[in-house]
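Each chain, written out:
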Amino acid sequence: MTASNRLRIAIQKSGRLSEESQKLLKKCGVKFTVNEQRLIAHADNMPIDLLRVRDDDIPGLVMDGVVDLGIIGENVLEEEEIERQSLGMPSEYQKLKQLDFGGCRLSLAVPKEFAYQDAYSLEGLRIATSYPNLLRRFMQNKGISFRSCLLKGSVEVAPRAGLADGICDLVSTGATLEANGLYETEVIYRSMACIIQSQQTQSQEKQLLIDTLMSRINGVIRARGSKYILLHAPVDALEQVVALLPGAENPTVLPLKNDSSRVAVHAVSSEDLFWDTMEQLTALGASSILVMPIEKMMG
Ligand code: ATP
Ligand code: MG
């Protein structure tokens, strides 16, 4: 690929990260339409090209400087980093931010009938996984030797098929493990999606665009985790009411027409307000409580 003035961002073509990755960029004001047949989607309003690829390819594209940014699961990123380090290939990147989606865990699991006490129960046994490097790092740190069975898919059927004694695989609900007669014994790695940048020289224009994009991403993520709260509260209970609103130390307090014993409180809360907090607020005499989503945040 030749050098381009357009910022290249690699995202997963289709899979668990693709929808959220596209949604995040769109929320940041990047306008694009994805054509399922095409590898590249050009943004209409910014000098940005999206490269839609298998998630496994994203860390390497960033580390080799083929793209400027990538959105990827930390599990795939660290697996690739360890792999490349062992092969002496370029493995540098800068993690710009952990994102608020793609959460999962990489866990050890064994058949129901396996008498598992701790990870040492796996000493000398064969473990099937798609993440040999993360598994080896975990086992080496504990000083446990094991034999590995590398499978890129269908890891969960390996024990039943007689290929391995246990597995090391991504888990979210545990339903797939259950369906295959396995149970989770140990979490070895917790992962979220993240955005990474190539260490290769960037033009100043590209760096400025990356900075703008990151400030917007920060704004989108902060807004998603925050709520705008409006309520009426008795003046006497104002301090207790405000203390119940997470992260809203400096609310706006406004007088109410024809009622000097009550005020209107407007606040941005750093968390959602749960029903039990709403009930506590009501018990303090608060009324007309509104909890509203925030679209964007800056500054
Ligand atoms: P590709 O075709 O791009 O290689 P894939 O099949 O390898 O896709 P997906 O199943 O789409 O990958 O998962 C992509 C990433 O989503 C995972 O590497 C992980 O970071 C994250 N993820 C979030 N929740 C889960 C889950 N429950 N199971 C598996 N991965 C999850
Ligand atoms: Mg993959």
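No experiment lies behind these values; they were computed from the predicted model shown.

Participant: An account of the domain arrangement of the protein is requested, with residue identities and associated values reported.
Facilitator: According to the domain assignment, the protein consists of domain 1 (7–100 + 193–223), domain 2 (104–191) and domain 3 (226–293). Relative to domain 2, the C-alpha centre of domain 1 lies at a distance of 29 Å. Contact with domain 1, which involves 8 residues of that partner, is made by 10 residues of domain 2. Carbon and sulfur atoms make up 43% of the area that domain 1 and domain 2 hide from each other, which totals about 870 Å². Of all residues in domain 1, N75, E79 and I82 give up the largest surface area on contact with domain 2, accounting jointly for 62% of the area buried on that side. Our count for the domain 1 to domain 2 interface comes out at 1 salt bridge. A salt bridge links E78 to R137; the nearest nitrogen and oxygen atoms lie 2.8 Å apart. Ranked by residue count, the leading element in the side of domain 1 that touches domain 2 is helix α3 (residues 74–87), at 7 residues. Taken together, the residues that form the side of domain 1 that touches domain 2 break down as 2 nonpolar, 2 polar and 4 charged.

Participant: An account of the side chain of Q12 is needed here, citing residue identities and associated values.
Facilitator: Residue position: Q12 is located in strand β1 (residues 7–12). Engagement of the side chain of Q12 in a polar contact is seen with the backbone nitrogen of R16, the distance being 3.4 Å.

Participant: Please give an account of the coordination of the magnesium ion (ligand 2) that cites residues and values.
Facilitator: Note on the magnesium ion (ligand 2): its protein donors are D55 (OD) and D56 (OD). The metal-donor distances range over 2.1 Å. Take D56: its relative accessible area is 36%, and that puts it in the partly exposed class.

Participant: Summarise the pattern of salt bridges; cite the residues concerned and give the values.
Facilitator: Enumeration according to the criterion identifies 14 salt bridges in this entry. Among the salt bridges present, the one from E74 reaches K95, with a minimum N-O distance of 3.0 Å. Remark: K95 occurs in strand β5 (residues 94–98) and E74 occurs in helix α3; sequence separation between them is 21 residues. Looking at K95, the relative accessible area reads 38%, which means it is partly exposed. Between E178 and K112 there is a salt bridge, with its nearest N and O atoms 3.6 Å apart. In this pair, E178 sits in helix α5 (residues 175–179) while K112 sits in the loop between β6 (104–111) and β7 (126–129), placing the two residues 66 residues apart along the sequence. A relative accessible area of 53% places E178 in the exposed class. One salt-bridge network, in which partners are shared between bridges, spans K27, E295 and K296.

Participant: Explain the sheet that holds strand β4 (residues 69–73) to me, using residue names and the numbers behind them.
Facilitator: The sheet built from 6 strands is open, its strands ordered β2-β3-β1-β4-β11-β5 with mixed pairing. Each of the sheet's edge strands pairs with one partner strand only, and the pair in question is β2 (40–42) and β5. The sheet shows a mean angle of 25° between the axes of neighbouring strands, taken without regard to direction. Of the strands in this sheet, β1, β3 (48–53) and β4 touch helix α1 (residues 18–27), which is tilted by about 145° from β1. Set on the sheet, α3 makes contact with β4, β5 and β11 (193–197); between it and β4 the angle comes to about 105°.

Participant: If you had to explain the packing of aromatic side chains to someone new, which residues and values would you point to?
Facilitator: Per the stated rule, a full pass over the model turns up 1 aromatic pair. Ring geometry for F114 against Y116: centres 6.3 Å apart, planes inclined by 50°, an arrangement best described as tilted. In terms of burial, F114 and Y116 fall into one category: buried. Sitting above the plane of the F32 ring, K26 keeps its charged end 4.7 Å from the centroid.

Reading the values: the criteria
- Residues numbered from 1 in each chain as written.
- Chains lettered and ligands numbered in written order.
- Predicted model: local features only at pLDDT ≥ 70, side-chain atom pairs only at ≥ 80, totals over all residues.
- Heavy atoms only, no water.
- Domains from an automatic or database assignment.
- Contact = heavy atoms within 4.5 Å.
- Buried area = accessible area lost by both parts, 1.4 Å probe.
- Salt bridge = Lys/Arg side-chain N within 4 Å of Asp/Glu carboxyl O.
- Helix = DSSP H or I, 4+ residues; strand = E, 2+ residues; numbered from the N terminus.
- Nonpolar A, V, L, I, M, F, W, Y, C, P; charged D, E, K, R; others polar.
- Polar contact = N/O pair within 3.5 Å; in protein donor to acceptor, adjacent residues only side chain to side chain.
- Donors = N, O, S within 2.8 Å, 3.2 Å for Na, K, Ca; no water.
- Buried < 20%, exposed > 50% of the residue type's maximum accessible area, 1.4 Å probe, protein only.
- Pairing = 2+ DSSP bridges.
- Axes fitted to C-alpha atoms, helices over the stretch in contact; angles between N-to-C directions.
- Phe/Tyr/Trp six-rings, centres within 6.5 Å; stacked < 30°, edge-to-face > 60°.
- Lys NZ or Arg CZ within 6 Å of the ring centre and 35° of its normal.

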